[in-house]
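A structural walkthrough
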Amino acid sequence: MAKKEATTKKAAEVKETTAKKTTTTKKAAAKTQTTAAINAENVGFKAGDVYQALAAAEKALSVKEIADAAKISEVETLLGIGWLFKEGKLNATEDNKVALA
């Protein structure tokens, strides 16, 4: 009988640990999600923010550096970079940075 109780107790501990890990993972995923309005006006404004950040820096910057300088999310930064690439206003460097053309 003692063996059955030990097995049941062990199974309960495993379930509890798994539940804690799942909750932590969901909370972390929720914090990292960023929503951005995807419309021409908003993306155009983000492109302007990206352009101004690069112009002020006068050097190539990474996506994170641009986001920090422009005070926008990395998702919004990528939207703006895409807009500016399409217009031919940016060049990519070999070290995954972006500079004004």
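The structure we're discussing is the one just above.
Throughout what follows, the structure given in this document is the object of discussion. Once a new chain begins, its residue numbering starts again from 1 and follows that chain's sequence as written. It should be noted that, the model being predicted, local features are given only for residues of pLDDT at least 70 and side-chain atom pairs only at 80 or more, the latter also being counted only at that level, while totals for whole chains, interfaces and linings use all residues. Heavy atoms throughout the structure, all of them, feed into the side-chain values; hydrogens and water do not.

**Re the pattern of salt bridges**
Any carboxyl oxygen of Asp or Glu within 4 Å of a side-chain nitrogen of Lys or Arg constitutes a salt bridge here. All chains considered together, the criterion is met by 3 salt bridges. In this structure, the salt-bridge partner of Lys 64 is Asp 68, at a minimum N-O distance of 3.7 Å. Residue Lys 64 and its partner Asp 68 are located together in helix α3 (residues 63–70), separated by 4 residues, close to a single helical turn. Labels follow the DSSP assignment, with helices taken as runs of H or I lasting at least four residues and strands as runs of E lasting at least two, numbered in each case from the N terminus.

**Quick look at the packing of helix α2 (residues 40–57) against helix α4 (residues 74–86)**
Interhelical geometry of α2 versus α4 gives an angle of 90° and a closest axis separation of 7 Å. Of the possible angle classes, the one that applies to α2 and α4 is roughly perpendicular. Here Ala 40, Val 43, Gly 44, Lys 46, Ala 47, Val 50 and Tyr 51 of α2 come into contact with α4, specifically with Glu 76, Thr 77, Leu 79, Gly 80, Ile 81, Trp 83 and Leu 84. Charged residues are taken to be Asp, Glu, Lys and Arg, nonpolar residues to be Ala, Val, Leu, Ile, Met, Phe, Trp, Tyr, Cys and Pro, and polar residues to be all remaining types, Gly included. Taken together, the residues of the contact of α2 with α4 sort by class into 9 nonpolar, 3 polar and 2 charged. Fitted lines through C-alpha atoms serve as axes, helices being fitted only where they are in contact, and the angles separating the N-to-C directions of these axes extend from 0 to 180 degrees. Convention used here: angles under 35 degrees read as roughly parallel, angles over 145 as roughly antiparallel, angles from 65 to 115 as roughly perpendicular, and any remaining angle as oblique. Any pair of residues with heavy atoms lying within 4.5 Å of one another is described as a contacting pair.

**Brief notes about α4**
A helix is expected to span 1.5 Å for every residue after the first. Here α4 contains 13 residues, and its C-alpha end-to-end distance of 18 Å stays within 8% of the 18 Å for a straight helix at 1.5 Å per residue. Classification of residues uses two cut-offs on accessible area relative to the type maximum, computed with a 1.4 Å probe and protein chains only: under 20% is buried, over 50% is exposed, and between them is partly exposed. Among all positions of α4, only Glu 76, Thr 77, Gly 80, Ile 81 and Leu 84 are buried. One face of α4 carries all of its buried residues, which in axial projection span an arc of 140°. Immediately beyond the C-terminal end of α4, within one or two residues, lies Gly 88, with a positive phi of roughly 75°. An arc is given here, and it is the one of the directions from the helix axis to the C-beta atoms.

**A few points about the nonpolar core**
What makes a nonpolar core is a set of buried Ala, Val, Leu, Ile, Met, Phe, Trp, Tyr and Cys residues whose side-chain atoms join them at distances within 4.5 Å. Core analysis: the largest hydrophobic core is formed by 12 residues, namely Ala 47, Val 50, Ala 53, Leu 54, Leu 61, Ile 66, Ala 70, Ile 72, Ile 81, Leu 84, Leu 90 and Val 98. A per-element tally of this core places α2 first, with 4 residues. Residues within four places of Ile 81 in sequence aside, it is in contact with Val 50, Val 63, Ile 66, Leu 90 and Val 98.

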